[in-house]
Amino acid sequence: MKIDEFVQFGVDGEKMIDTFSSLICEKSIILLPYEVEGCKVLHSSFLFNKKLALQNFDRVLDWRKKDFKEELIEKEENVDDAKKKFFNKTIEYSALFIKTFRTRFYYTAVSLVRYYSVIDVSQREVEIEAGDQKLQSCFLFKKGIPWFGDGKLNICIFKIHNTTIEKMKLSSTLHWCWEDRDGFGFKKKVIYGRKENGYKISAVSRYKDINRTIYYRANDNGFLALSVRPINFTDVNWQRIKLWAASLAAKALQKKNYILLYEKNCSRYEESASVLYEELIDQNYKNVFFVLDEEYLKKHGSEIKQKYKNNLISKFSLKHYFMFFACKTFMSSESIGHALETRCSSKAVRKRIVNKRFNYIFLQHGVMYMISLDSVSRKMFSQMPKKAKEYRVVVSSDLEAEHFLDFGQHKPEHIYLTGLCKFDKNKWNEDADRIVIMPTWRPWEYNQAVEDLYQTKYYKMLERMVYAVPESLRKKLTLLPHPLISEIFRGNGNEFSQYLPEADLKYDTILQNTKVLITDYSSISYDAFYRGANVIFYWEELEECLKEYGSNTKLMLNKSNAFGDICYNEKELSQKLIENFENGQRNEYIGNYQKIVEFHDGNNTKRLLKCLQKDNII
């Protein structure tokens, strides 16, 4: 067989180079960046084989050369991003431990870092980014200290100025960044501790003057992240001691198959979890408990029958903490974090969530057919099946089930096609006459809203939506900003405060009297339409928001399947609002809705119970 040209990729072995060098033809060898992950190639081996290749091959294409590097990335969709991450597979960083402390001007962290590298990089040229913010950083050693084979150790110091803490995002993944003189480099996430357990966490620092807690932690994938959030109740030392004691007690006394139900922040009793809880109590289940805030009970306790109060647990009580660690099944419309306190910094709590020794039934806060589940911002939903021993999600139609299967990386056995429990108790007053504006919130604008609400695009959009309501109808207007933004609205005393409902007024009560709901991408639209209200979708900033939600983001609704009018500016909104206020639901929209929400018989909860019994979860 005649060979015109032979091309070898890489210099994997001395014998291969020696064997193929004897071929009588034009011979080329392409030297690509070796991957650290897996083979852990030694510098000496690589350099020796490269020297051998140079002696025996006619042409050597080396990835260290600028023209060849550019050739390798020219077909990439995002060339600039490909340049920044060109060497990502050639280096790996791990923060073995982190010591943090506060000074007058800085929040400082000192970390022992282990790294593997196939490329020669001066560590003092490496920069650290937390989200879109560069940290002040430096490595103690230029090349590091040799550590078992090709590994090296170094000391890294990075710090954040105290004045910038309040403006930082709730959570930011850290990246170690470097570029060569040609603009090619790496942008690497850093493993914190051991990647297989994501409960590693640094000491917690509280800035009481700005109501912020700051700390480093391992995210769900084991990578180093910075958390900056409002101070939690469980940040207090006494509560952390209670959590530790409860975790020990649960290990010693865990005997029964406890089932724990809760809703958002354990501060509501109006979603699917409370409906399911009452049905379980009616069916004489004794091992079922519901966590609820004492303040909610004071305001709405009279609406709950006595037989359901017997198994209520007070939020932040020792029994609450014990049940969190002892229960075998969580059932909720929220994530596991809401079963105690979101973004809790207790290592015992993080370990409980990560270890997956429990069942989790995701009841859904609302129908999940809006922002696509393959969006970066919805990644947590695709990871849910991996977070529990047994996992199930409740859906309302075959169409929604396909969304979880095709976009959310779920399997058919994860799906309960039963409909949402809360829809069984939905009510609507035929004389409803309220116009409710409730756009979904924008997490990327939260810190800016805290600093200056009026400069956020969220506020400016709300402003346009309010002014689009004819003056004759504004007395019927209710403004429902997202709960995290709502408190800022009340505190600012702005002109829209008059449209805010009473602070303790339940969403259920508001929706019972809603004639028209105006939203952008909120799942509350499904709840409102189910009851009988008209829905208007306001998509003025659709493309911009989809971009902010992250790569792959799509909107599952469109002009052909939406169950309400779609508007792109104030003029359209004003016109459609009058039409929707004066008329009932259109048959076209009812048909579209019933393809996404199939069940309307009031038996969703009973169907769910049969599924749970069949799978021996209850």
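Residues numbered from 1 in each chain as written. Predicted model: local features only at pLDDT ≥ 70, side-chain atom pairs only at ≥ 80, totals over all residues. Heavy atoms only, no water.

1. Considering the pattern of salt bridges
If charged atoms from side chains of opposite charge come close, those side chains can pair.
Here comes step 1: Counting across every chain of the model gives 25 salt bridges.
Here comes step 2: The partner of Arg-229 in a salt bridge is Asp-235, and the shortest N-O contact between them spans 2.9 Å.
Here comes step 3: What emerges from the salt-bridge pattern is a single network uniting Arg-268, Glu-271, Lys-422, Asp-508, Asp-527 and Arg-531. (Salt bridge = Lys/Arg side-chain N within 4 Å of Asp/Glu carboxyl O.)

2. A closer look at the pairing of strand 22 (residues 434–437)
Here comes step 1: Taken together, the four bridges between strand 22 and strand 24 (residues 514–519) define a ladder with parallel strand orientation. Residue pairing across strands places Val-436 opposite Leu-517, the latter belonging to strand 24.
Here comes step 2: For strand 22 and strand 23 (residues 477–479), the ladder comprises three bridges, and the chain directions are parallel. Paired with Ile-437 across the strands is Leu-479, a residue of strand 23. (Pairing = 2+ DSSP bridges. Helix = DSSP H or I, 4+ residues; strand = E, 2+ residues; numbered from the N terminus.)

3. What to know about helix 19 (residues 570–582)
Here comes step 1: In a regular helix each residue adds 1.5 Å, so 13 residues correspond to 18 Å; helix 19 covers 19 Å between its end C-alpha atoms and thus fits that length.
Here comes step 2: Its side-chain oxygen placed 3.2 Å from the backbone nitrogen of Lys-571, Asn-569 serves as the N-cap of helix 19. (Expected span 1.5 Å × (residues − 1). Polar contact = N/O pair within 3.5 Å; in protein donor to acceptor, adjacent residues only side chain to side chain.)

4. Focus on the sheet that holds strand 17 (residues 312–314)
Here comes step 1: A sheet is described by the order of its strands in space; here seven strands give the open sequence 17-16-15-18-19-20-21, paired in parallel fashion. Strands with a single pairing partner mark the edges of an open sheet, and in this sheet they are strand 17 and strand 21 (415–417). Neighbouring strand axes in the sheet, compared pairwise and without regard to direction, differ in orientation by 25° on average.
Here comes step 2: Looking at chain direction, strand 18 (residues 329–332) and strand 19 (residues 359–362) are connected through four bridges and run parallel. The residue bridging Thr-329 from the neighbouring strand is Asn-359, located in strand 19. (Axes fitted to C-alpha atoms, helices over the stretch in contact; angles between N-to-C directions.)

5. Quick notes on the packing of aromatic side chains
Here a ring pair, both rings aromatic, is described through the centre-centre distance and the interplanar angle of the planes.
Here comes step 1: Throughout the structure, instances matching the rule amount to 32 aromatic pairs.
Here comes step 2: The interplanar angle of 35° and the centroid separation of 5.6 Å between the aromatic rings of Tyr-93 and Tyr-115 together place this pair among those described as tilted. Of this pair, Tyr-93 sits in strand 4 (residues 91–102) while Tyr-115 sits in strand 5 (residues 106–117); the two residues are 22 residues apart in sequence, bridging distant segments of the chain.
Here comes step 3: Between the aromatic rings of Phe-233 and Phe-316, the centroid separation amounts to 4.4 Å while the plane-to-plane angle is 25°, which identifies the pairing as stacked. Separated by 83 residues along the polypeptide, Phe-233 in the loop between strand 14 (224–229) and helix 5 (237–253) and Phe-316 in the loop between strand 17 and helix 9 (318–326) bring together distant segments of the chain.
Here comes step 4: Residue class for Phe-233 comes out partly exposed when judged on its relative accessible area of 39%.
Here comes step 5: Of the aromatic side chains, those joined through ring pairs into one cluster are Phe-86, Phe-87, Tyr-93, Tyr-107, Tyr-115, Phe-139, Phe-158, Trp-176, Trp-178, Phe-184, Phe-186 and Tyr-216. (Phe/Tyr/Trp six-rings, centres within 6.5 Å; stacked < 30°, edge-to-face > 60°. Buried < 20%, exposed > 50% of the residue type's maximum accessible area, 1.4 Å probe, protein only.)

6. Some words on the environment of Ile-191
Here comes step 1: Mapped onto the elements, Ile-191 comes out in strand 11 (residues 185–192).
Here comes step 2: Classification of Ile-191 by relative accessible area gives buried; the value is 12%.
Here comes step 3: Sequence separation of Ile-191 and Ser-94 is 97 residues, and the distance between their C-alpha atoms is 4.5 Å.
Here comes step 4: Residues within four places of Ile-191 in sequence aside, it is in contact with Glu-92, Tyr-93, Ser-94, Ala-95, Gly-222 and Phe-223. (Contact = heavy atoms within 4.5 Å.)

7. Structural notes on a positive patch on the surface
Here comes step 1: Side chains of Lys-251, Lys-347, Lys-351 and Arg-357 sit close together on the surface and give a patch of like positive charge.
Here comes step 2: Along the chain, Lys-347 turns up in helix 10 (residues 347–355). (Patch = residues over 30% accessible without salt bridge, like charges linked within 9 Å, V, L, I, M, F, W, Y side chains within 5 Å. Areas by Shrake-Rupley, 256 points an atom, 1.4 Å probe, with all protein chains shown as cover. Lys, Arg positive; Asp, Glu negative; His and termini not counted. Charge placed at Lys NZ, Arg CZ, Asp CG, Glu CD.)

8. As for a nonpolar patch on the surface
Here comes step 1: Taken together, the side chains of Val-236, Trp-238, Ile-241, Trp-244 and Leu-248 present a nonpolar region at the surface, about 540 Å² in accessible area.
Here comes step 2: Summarising the element assignment, Ile-241 is placed in helix 5.

9. Considerations on the nonpolar core
Here comes step 1: In terms of nonpolar packing, the biggest core is built from 55 residues, with Leu-261, Met-331, Tyr-526 and Phe-563 touching the most fellow members.
Here comes step 2: Mapped by element, the contributors of at least two residues to this core are strand 15 (259–262), helix 6 (272–282), strand 16 (288–292), helix 17 (524–531), strand 25 (534–538), helix 18 (542–549), helix 20 (587–596) and helix 21 (604–614).
Here comes step 3: With six residues, helix 6 is the largest single contributor of residues to this core.
Here comes step 4: With 39 residues, the next largest nonpolar core counts Val-126, Leu-174, Tyr-192 and Ile-210 among its residues. (Core = buried A, V, L, I, M, F, W, Y, C linked by side-chain atoms within 4.5 Å.)

10. So, helix 10
Here comes step 1: Residues of helix 10 that are buried: Val-349, Arg-350 and Arg-352. Buried positions in helix 10, seen along its axis, are confined to an arc of 160° and lie on one side of it.
Here comes step 2: Where the residues of helix 10 are buried, they touch strand 13 (212–218), helix 5, helix 9 and strand 18.
Here comes step 3: Backbone nitrogen of Ala-348 and a side-chain oxygen of the N-cap are separated by 3.3 Å at the start of helix 10; the cap is Ser-346.
Here comes step 4: Of the residues trailing helix 10, Lys-356 is marked for its positive phi of about 60°. (Arc of directions from axis to C-beta.)

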